[in-house]
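# Inside the fold
Here is how the chains run, residue by residue.
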Amino acid sequence: DGGITQSPKYLFRKEGQNVTLSCEQNLNHDAMYWYRQDPGQGLRLIYYSQIVNDFQKGDIAEGYSVSREKKESFPLTVTSAQKNPTAFYLCASRLNSPYNEQFFGPGTRLTVL
Amino acid sequence: KQEVTQIPAALSVPEGENLVLNCSFTDSAIYNLQWFRQDPGKGLTSLLLIQSSQREQTSGRLNASLDKSSGRSTLYIAASQPGDSATYLCAVSPRRGNTPLVFGKGTRLSVIA
């Protein structure tokens, strides 16, 4: 069953801790994306990767880091430098062509205690 | 810079009504436009993808149109049902290399039984 999985569904973090959100896809998509969604706001792009071992900053990359060592995986680390990390995080992917459809994972809700 | 606007931000209709959701974009240089649905606390589900050369796409009770020259798209929902209640987002793929989608903030639809 092809798709995008994100884990965990809910994540709680103490202030000052780094946490890593997982995103895996078995769609053979080249491009992967991380978005942040806050209540009442639209999606904001954090980082994206169009090919293994390469990634670009989005609109709100500060306080976040990513890696792309495998085509299927694009983990996002929320560092202690991120001032307001509580949010809903969404991962997405598509074939590396602007003509193709983009698909999303189910999301991870991160809460900082 | 491409901007995508969705008006209204929220809409409430009685069950059975046909309705139209609007999406406008500032730069007509796009590869395609995609409509998504998001249920509370969930990821985005792709509904329809319209390539720039197409005028419309249909899926069941949904029909999306695209007028690239005027920078507008509409999502028509026929015979609305309470299960259609969700937030609907549109996104364009800018014709600038292979850049990420640009999203609108969405229209929150409530269909009242």
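Because the structure is a prediction, the values reported are computed rather than measured. (Residues numbered from 1 in each chain as written. Chains lettered and ligands numbered in written order. Predicted model: local features only at pLDDT ≥ 70, side-chain atom pairs only at ≥ 80, totals over all residues. Heavy atoms only, no water.)

What follows is about the packing of aromatic side chains. Think of a pair of aromatic rings as described by two things: how far the centres are apart, and how the planes are tilted against each other in angle. Taken as a whole, this structure holds ten aromatic pairs over all chains when the rule is applied. With 6.0 Å between their ring centres and 75° between their planes, Phe104 of chain A and Phe103 of chain B make a pair best called edge-to-face. Pair noted here: Phe104 of chain A is in strand β10 (residues 103-104) and Phe103 of chain B is in strand β10 (residues 102-103), and the two residues belong to different chains. When sorted by exposure, Phe104 of chain A lands in the same class as Phe103 of chain B, which is buried. With 5.7 Å between their ring centres and 35° between their planes, Phe36 of chain B and Phe103 of chain B make a pair best called tilted. Separated by 67 residues along the polypeptide, Phe36 of chain B in strand β4 (residues 30-38) and Phe103 of chain B in strand β10 bring together distant segments of the chain. As far as the burial class goes, Phe36 of chain B and Phe103 of chain B line up, both buried. Among the aromatic residues, those joined into a ring-pair cluster are Tyr33, Tyr35, Tyr48 and Phe104 of chain A together with Phe36 and Phe103 of chain B. One residue, Arg68 of chain A, lies across the ring of Phe74 of chain A, its end atom 5.9 Å from the ring centre. (Phe/Tyr/Trp six-rings, centres within 6.5 Å; stacked < 30°, edge-to-face > 60°. Helix = DSSP H or I, 4+ residues; strand = E, 2+ residues; numbered from the N terminus. Buried < 20%, exposed > 50% of the residue type's maximum accessible area, 1.4 Å probe, protein only. Lys NZ or Arg CZ within 6 Å of the ring centre and 35° of its normal.)

What follows is about the interface of chain B and chain A. Taken together, the 21 residues of chain B in the interface contact 23 residues of chain A. Between chain B and chain A lies a buried interface of about 1800 Å² when both sides are counted; carbon and sulfur atoms form 52% of it. It is Leu44, Asn98 and Pro100 of chain B in chain B that bury the most area against chain A; as a group they hold 30% of the surface buried on that side. Our count for the contact surface shared by chain B and chain A stands at nine residue pairs in polar contact (both at pLDDT 80 or more). If you list the elements that add at least two residues to the side of chain B that touches chain A, you get β4 and β5 (44-51) of chain B. Among the elements that line the side of chain B that touches chain A, the one with the most residues is β4 of chain B, at five residues. Looking at the side of chain B that touches chain A residue by residue, the classes come out as seven nonpolar, eleven polar and three charged. (Contact = heavy atoms within 4.5 Å. Buried area = accessible area lost by both parts, 1.4 Å probe. Polar contact = N/O pair within 3.5 Å; in protein donor to acceptor, adjacent residues only side chain to side chain. Nonpolar A, V, L, I, M, F, W, Y, C, P; charged D, E, K, R; others polar.)

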